[in-house]
Amino acid sequence: QKPVTLDTAKPVPTLPDAQTVTDVKHYTDRLFSFRVTRPASLRFRSGEFVMIGLMGDPDPKTGKQKPLLRAYSIASPSWDEELEFYSIKVQDGPLTSRLQHIQPGDDLILRPKPVGTLVHDALLPGKRIWFFATGTGFAPFASLLREPQTYEDYDEVIITHTCREVGELTYGRDLIEGLKQDELLNEVIGEGFWKKIKYYPTTTREESPKMGRITDLMRSGEAFADLGVPPLSPETDRAMICGNLAFNLELKDMLEEYGLVEGANSNPQHYVVEKAFLD
Ligand code: A2P
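These numbers come from a predicted model, not from an experiment.

Description of the layout of surface pockets
Leftover empty space is mapped by rolling, across the atoms, a probe with the size of a water molecule. Computed from the structure, the largest pocket encloses a volume of approximately 530 Å³. Lining the largest pocket are 23 residues, with T134, G135, T162, R164 and N244 positioned closest to its centre. Counting only elements with at least two residues in the lining of the largest pocket, the list comes to β8 (156–163), α6 (214–219) and α8 (245–257). Per-element tally for the lining of the largest pocket: the top contributor is α8, with three residues. Taken together, domain 1 (18–115) and domain 2 (120–275) each give at least three residues to the lining of the largest pocket, which thus spans both. Roughly 180 Å³ of internal volume is contained in the second largest pocket. Looking at the lining of the second largest pocket, the elements with two or more residues in it are β1 (18–28), β2 (31–37) and α4 (170–179). Looking at the lining of the second largest pocket, the element that brings in the most residues is β1, giving four residues. Class assignment for the residues of the lining of the second largest pocket results in five nonpolar, one polar and six charged.

Structure (structure tokens):
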């Protein structure tokens, strides 16, 4: 007689809001990206973020485990069937010290409640959009650069990315190169869409073709001369800022000096700002 197999052998989900990792790529000892399954019910606007994480260590007294969550910009566009994230690795960071070791097949927690200010709805119509990023602040722009609306709404799309070292530019550079082959954008916008993009990568601590902080390069006028565009103006230019805190604040002041006004979902204006989510 055959033994009866009970269905209890099925793995019991141990995480609330669990999603499965499908791909992981490491860029430097400080940076990696990963893709996870997308909850069927999750709708979001390109540029928004969600809370993701892992179960924390058990409490020494109670033995109970609590989720350890951080805000992560979704780096994939709103139409993608999976979700992509781009993350820093902090060796003693509570979450990323562990998250950096995830492998395809692992589960992580994803709270399906997207929010954020880096969305097209928070900006008035304009001619040119600037995406200003430092480090992993590139993530929401990785989403917006793959979003057809970006090219429908603007004649010109300028993405600046300032990093310490050359290797930290790889994720963004690969993404922009890949846009040329993007089937959806080619179909919806036409094959000339990627010619609207101007990519301006700069490094501050390692030799590269363009050195310096974007803020300094704008103040000196060098960035505008290189890009062949005039300084920003509220009549024509819209901007989104995502980087470290000092960068966000400094650039926000500069944009205000150009006459741009900060917008929000409820009050669309000329620019929006968000901080990169560090461990
Ligand atoms: P720098 O090397 O001169 O500090 P981080 O890795 O520390 O988040 O920095 C990412 C990039 O952002 C670095 O190239 C850094 O330049 C740059 N950065 C830091 N603060 C500012 C700022 N206030 N304005 C412009 N760029 C900044």
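Looking at the pattern of salt bridges
Applying the stated criterion to the full structure yields 18 salt bridges. Ionic pairing is found between R45 and D121, a salt bridge with its closest N-O pair at 2.7 Å. With a gap of 76 residues between them, R45 in the loop between β2 and β3 (49–55) and D121 in the loop between β6 (107–115) and β7 (128–134) connect regions that are remote in the sequence. The network of salt bridges with common partners includes R35, D80, E82, E84 and R146.

Quick look at the site of the ligand
Close to the ligand lie 13 residues, the nearest being R164, T204, R205, R213 and E250. Here a nitrogen atom of the ligand sits 3.4 Å away from a polar atom, N or O, in the side chain of T215. Between the ligand and the protein, one listed contact pairs a nitrogen atom with a backbone N or O atom of F247 at 3.5 Å. Relative to its unbound accessible surface of 560 Å², the ligand loses 84% to contact with the protein. One can see that the ligand is located within the largest pocket. Breaking the shell around the ligand down by element, the ones donating at least two residues are β8 and α8. Broken down by element, the residue count for the shell around the ligand peaks at three residues, all from α8. Of the residues belonging to the shell around the ligand, the class tally is three nonpolar, five polar and five charged.

Here is what the cut-offs are and how they apply
Residues numbered from 1 in each chain as written. Predicted model: local features only at pLDDT ≥ 70, side-chain atom pairs only at ≥ 80, totals over all residues. Heavy atoms only, no water. 1 Å grid on protein atoms, 1.4 Å probe; cavity = no way out; pocket = protein on both sides within 12 Å on 5 of 7 lines; lining within 4 Å. Points joined across faces, edges and corners; volume = space filled by probe spheres on them. Helix = DSSP H or I, 4+ residues; strand = E, 2+ residues; numbered from the N terminus. Domains from an automatic or database assignment. Nonpolar A, V, L, I, M, F, W, Y, C, P; charged D, E, K, R; others polar. Salt bridge = Lys/Arg side-chain N within 4 Å of Asp/Glu carboxyl O. Near = heavy atom within 4 Å. Polar contact = N/O pair within 3.5 Å; in protein donor to acceptor, adjacent residues only side chain to side chain. Areas by Shrake-Rupley, 256 points an atom, 1.4 Å probe, with all protein chains shown as cover. Sits in = over half its atoms within 2 Å of the grid points.

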